[in-house]
Every structure is written in structure tokens, then in C-alpha cells.
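Structure at a glance
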Amino acid sequence: ALLLADGAVIMVPCDLPLESHVIKAISLAATQHVQCVVFIDGMERLLSQSKSTQEIYEVLKECVNTINDALNAFRDDAAISPEKGAVAFGSSRYGWAFTLPIFANLYADTFGSDIDTLAHMLWGDHFFDPETIQWNTSGIGKNGQKLERGFEKIILDLLLTLFDSKSPENVDKERLDTFLGNVVESPRFPEDFRSPDMVNDVLRQILPIPKVLSYLISSHLPSPQVSQRLRSLTLCGRQEDGRSIRAVQECNPAGPVIVQIYSSLSKVGMNDEKCTYHNARILSGTLRPHTPLQVMRCNARSGTLEGFELLTQGIDGFLLPSGEPAQESLAGSIVIIPGNFQGRTLASGEITCNLRTFYKPLCVYFIRVTLDVESVHEIRELEYQIRKLAQAFDVAAGIHDETNDYYIEAGSEEHIEVALKSLRRFVSGLVVSSPTISYRETVRSRSEHVALSKSQNKHNRLYACVEPLSPEFVAAIENGKVSSQDEYRARARLLADEYNWDITDARNIWCFGPRRTGPNVVVNMTRGVQYLNEIKDSVIAGFQWCTHEGVLCEEPVNGVRMDLMDVTMTSAIKRGGGQIIPTARRVFYAACLLASPALQEPICRAEILCHENNVHRIRALLQTKRNSEFIGEEHWSESQMTLVRFLVPMGESLGLQNELEESLGLYVWSHLAFDHWETMDGDPLEAGSEMETLVQSIRLRKGLKKEIPPLSTYYDKL
């Protein structure tokens, strides 16, 4: 949301330490040149804790200083100033708030000063001496008495008076009347303030929070035109592309249409088909339905432009943030766009620059946590909230079919944390397991020989071999370039021309899997087998079963070609689905065990944004990670920041943010996104190997037998 916005109102509690994710958000806002204002919440709690005015001031000052430290770590000019009205103090629970200029406006005539000067005196070490009627910074009066700060004397004394109705003798009635005005006629202290709720009700009438927030936003946050001009270096770097770059900098509604995608969210559409919606910002031009657009594809690792994909029909339609359909949106607007795009920027004309962003849509869920509750009375609420999670967040949530465990799957730890935080608001006593990583099963070579499996009635025999698919072909399936929906002759020609397939084999592809869309194929290599079509659906069902749950530890299979070599069948009554489906699964399992099976682990692309002086410390931390690979770094001379890119196994990235915070402090921003699957070293069939230990641990976690089934379990002798 921060990357989409022109400005941000950061709400922080005044009586609790700032959490690390809040400081990360503040740091990201400073890096992306998103102007911030702050609302310090929970003042009603602080004023009810019997603290002195000095103690309350120190708490608020520490909160403001922590925020400014996070902002100044990335930009020297990003600090917020309470005396300029960029910080509001109040209570979101009771609906009241104030800024220093509000009180300065109230007492400017009393002190004989203008509003800006008095607001400046209400923060920091500025003390008012009533004897000399002057301000000083020493805190010592003319007669040697200790003075109160302006913030304590003018604001906190008054608020504490209202909240502490037990001391009516210390009340300055004239000052109280001036503050309350006509809200309370002839206030009788303490009768009119018998409880904190009554005080908060009065404050809500005098200092309504909508009015204060409107002042913060209108006075201190920039318009879309000003915001994009300030953020032009962050969005476009120092590239020069004439009309396109100028249109982005000026937020020109008459310029070429340029739309930047920042995040995606999976939802269930009207026809119960799963659709993907993208949160996007129109950087220039005017977006209308069916406007011809081009998708700018860029290299996820280096950020360089790779090409364009033309959408001749444009997008069917788009929504406003409120969910209402729109017919037209101008530059600077935030919209929700449906569709599956292989890029992050949409443009009405070809442009040669790529807009900077840290975002890459997550399409693979490989981190899972299981959930439980302490009380059985919370199970129904847990089930209900889990169903809502999948619609509200970029996660998969549900109930495991075999173990009946409740689970959440996501593409990163951050997604898991956000979903769990939302879940804990509604489900008490939530028990969360440690995160586990999903793997994929594959093979390294072609089967040593043809595998054979017999049906249970011993009347049907299936022969099969497997071999790995090329990475290019797997990528084509995942990107949608090759799919089961293609016309089989055109698909066969594409496979023969670009992926070196035999065109006859390509025409005999029966199915993709798992779920008929995955990166595995089953190919009919038989010759002259009669009545083969009668068992085709059963073989495909066995293939889907095999690719959904692999032979090693029932993880999905990735990048495997399964060839049906020969079939021996008996009469129709003895070759039904109950006989063929389990046999097809067994023969494919046996062929995989004969083809050097292996595990693949998810490799994620990590992007870490830090000060240029900390790059060497990040690279030193990378050297401690197994199989990590440094990709490169991008230096932002305009802000003395450096974006470090590297690849790291997802198992090694768990807890990476905590390590960064311990090594570099809180002022570092990181993002992880799935990049590719990589085959792990080691043989899971070798006794005592690390790979065998990993496979066994996965099997035990799933409730399976510890040992990998031997080949004889699936391979039958002739």
C-alpha cells in the first residue's frame, strides 16, 4: 500500500514500543519518497496512568524520536516535526485528537504571539516564565524556580486536569472555561467530569478526530502531481525516455497510459473461477476499458527490460479501491485490475525504460504452518476465519484432507505473519506450529530400464519409463506458453521447433499434471495396442495421482516426462478403473525410482535495501547461507542507498529479517520472492545420506512410514 500512495498516516501507540514491522514500513516510506504524518494513539491510557507531565512528555518525545531515527536513516529531509503540525496526538478509541498548532491558535492571543511561533515553543526545551512573561531554554525562572515546558504547562496540565477529577481545588476555572467554550455550559468541576468516558465525550466534541486527520492530510501530504515529481528518481532512476518519463514526472492525464502493478490478490470471481486481481497505480494518461496496452516484461533478477506482450483487446475492465467498476480513471488514481500478466508495467506505447519496483507476483505457496486451538469451543470460529483468509490475503488456507490439520500456506514469512495477526484477532488460544518448507520431487536421468506393474487381478500389465524435462520447457508450461488447452497440432509443432521434441511424441501428449496444468506430461509411446482409448482416462487419473503425490515423500512432482511404453490388457470387464488407476500410479512410481529420484527446493530472490556503507556486512552474512548466490547490486546515488540482490534457498531464508536487524539494526528493508526450483545435491536412496534424512523427516511429518518404499513395492517381475 505504501508503494501505491502519495502519502501515509502512520498510527503508532504512545505507551508501547514500536514493533519492527512498523519501523520497516516507515523506512520503506522514506526510501520511496512517500511523505508521512504521524498519529500517536492511546493518549487516554497515558493520561490515566497517574504519570507526571514530564514523564508523559518524555514518553511522547521518545516515540517521535524513534520514528525520526527510522526516517533519517534513509533520507536526511524526511524527519517529521510536531511543531509544524505533522504529528497528531489523541485517542482513536474515543475519537479525539489535537496538534500543536490547534493549541497555539487557541492561546496565541493570551501569549501575545503568532500561531507559528507559539507552536514552535510548545515542543522541545522551551519554558515559560510567568514572572517575566518570557520564554527561555534553561528551565530556570527569574527567581530560581524550576519551570515547566510549554507542552507540559499549556497542554498536559489541562488534559490531566480533565482526567483527574479528584483535585478540584487545583483547577484554573478561567482557563478551563476558555478551553471548553460553549460545549459545556457553566462547567461544575468535578461534577461534569465524573468519569473518563464523560471527559472523552467532551474532548470528542471539542477536538474531533476527522477534522484533525483532514488537516494532517490536506496540509502535509502532497498531491499526486507533487508526489510523482518527488518520486521520479525512485520510479525511473536517471533514465531518459522523452515523452514517457516526462508524463510520469508530471502525472499527465493527457500522456501515454502507463500503469504500474504493485501487488496481487487472489479472489473468487462471480462464476466461482479463481481470478487474480492486481493493485495498480496509473502513473500517466487516462485508463479506459479495452484500451490497447502492452505488458513490459523485465528480468526479475537484473531488472532489465526483456520485451513486450501486446494486449490488443486491452483489459476488460477495472475497479476502484471501493470495489465499484469504473469507466475512466486519470493519472494518479489507484485501481484494481484483473488478469494474469507476465510483467509489472502496462503501457499504451512502447517505452524503453523499466519502472523500478520491488514487487514480483507470488504464484507458488511453499511455506506452511499448521494451526490448532487450545479449546474445542474455538474450532468452529477457526474454520470460519480460515475460509475468509484465502479471500482476504495472498495465502492458501484450509483443512488437510488426510490429517484433518488446519493450515496456512503462503509465499513468504511476511504473508504468514500478516495472516496470523488477523486470525488472532478473532480466535483466542491459537496454537501455531513452526514453518515448514514445501519441496518438489523430480528425476535426474531416464529410467535404467522399462518398469512393469501388474494390476491387482494380474490380467493387465503397464510398462513405463520417465525422464526429466528441460528447464526451458518447464518454464514454458509455468508461463502459459504451452498448455493443455492448445490445439495439439500447433502445440506439437511448437515443441518440435523450439524444444527439440519428436513431433510424433509431441502429438501423443495425453495430459499435463498435476491438476492438468502442472509442469509434467504423460506421453503415449505405445504402438499397435488395441482398445487403448478405453483405459486412457484411467491412466491419466493414475498419472495425476502420481504427480500430485510423489514416490519419495508425497510432495508434488516437477519437470518429469512419463512415457507409457506398452500395455497388455485382457477382457473389458477386467480392465476397469479400479484395476488400471492404481496400476498406472505404481508403474510411474517404479519408473521414477529407476531414474535417480531427487528433491527440488524453492530458491527465492532476495532484495535488501540498505545504506551503501552496510553492503559488505550483508555480503558477509550471505556467505553463511547454504547455496546462496550473489546476483548484483544497484546503487542509488540520489539517496546513498544500495539495493543488493541475491538468490538463497527458502529454507535458509527463514528468519533472515531477524538476522538483518541484529546485524544492521532496524533500518534495513528486505523482500523475498520465489524465483525457481533447484535440484538438491545428494541421493535420497543412499542409506545414511543427508538427503535420505530430509526425506524421512518429511515423511514422518506427514504421518507416513519413515522408510522410503523399496522398488519391489511397485515393480513387478514378468
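Residues numbered from 1 in each chain as written. Predicted model: local features only at pLDDT ≥ 70, side-chain atom pairs only at ≥ 80, totals over all residues. Heavy atoms only, no water.

1. Examining the packing of helix 3 (residues 53-72) against helix 6 (residues 150-163)
As a packed pair, helix 3 and helix 6 sit with axes 10 Å apart at the nearest point and diverge in direction by 110°. In terms of orientation, helix 3 lies roughly perpendicular with respect to helix 6. Note on element contacts: helix 6 touches helix 3 through F151, E152, L156, D157 and L160, opposite T53, Q54, I56, Y57 and L60. (Axes fitted to C-alpha atoms, helices over the stretch in contact; angles between N-to-C directions. Helix = DSSP H or I, 4+ residues; strand = E, 2+ residues; numbered from the N terminus. Parallel < 35°, antiparallel > 145°, perpendicular 65-115°, else oblique. Contact = heavy atoms within 4.5 Å.)

2. Let's talk about the sheet that holds strand 2 (residues 35-41)
Spatially, the four strands line up as an open sheet ordered 1-2-3-4, and their pairing is mixed. Across the chains shown, the open sheet's two edge strands, defined by having one partner strand only, are strand 1 (7-13) and strand 4 (96-98). Strand-to-strand, the axes of this sheet are offset by a mean angle of 25°, without reference to chain direction. Contacts between helix 3 and the sheet are confined to strand 1, strand 2 and strand 3 (87-91), with strand 2 contributing the most and set at about 155° to the helix. (Pairing = 2+ DSSP bridges.)

3. Topic: the pattern of salt bridges
Across all of its chains, the model carries 22 salt bridges by this definition. We note a salt bridge from R149 to E152, for which the minimum N-O separation is 2.9 Å. For R149, a relative accessible area of 11% translates into the label buried. If you follow the salt bridges from partner to partner, you end up with R446, E467, D505, R561 and D563 in one network. (Salt bridge = Lys/Arg side-chain N within 4 Å of Asp/Glu carboxyl O. Buried < 20%, exposed > 50% of the residue type's maximum accessible area, 1.4 Å probe, protein only.)

4. Re the side chain of R645
By the secondary structure assignment, R645 is in strand 30 (residues 641-649). With relative accessibility at 10%, the residue R645 sits in the buried group. At 3.4 Å, the side chain of R645 and the side chain of E607 are in polar contact. (Polar contact = N/O pair within 3.5 Å; in protein donor to acceptor, adjacent residues only side chain to side chain.)

5. Overview of helix 18 (residues 533-548)
Over its 16 residues, helix 18 extends 23 Å from the first C-alpha to the last, a length consistent with the 22 Å expected when each residue adds 1.5 Å. Within the sequence span of helix 18, burial applies to I535, S538, V539, I540, G542, F543, Q544, C546 and T547. The inward-facing, buried residues of helix 18 abut strand 24 (461-468), strand 25 (509-513), strand 26 (520-524), strand 27 (560-568) and helix 19 (577-593). (Expected span 1.5 Å × (residues − 1).)

6. Overview of the nonpolar core
In terms of nonpolar packing, the biggest core is built from 77 residues, with L371, L382, I408, M562, F588 and L599 touching the most fellow members. When residues no more than four places from it in sequence are discounted, the contact partners of M562 are C465, V466, V521, V522, V523, F543, C546, T547, V557, F588 and C592. (Core = buried A, V, L, I, M, F, W, Y, C linked by side-chain atoms within 4.5 Å.)

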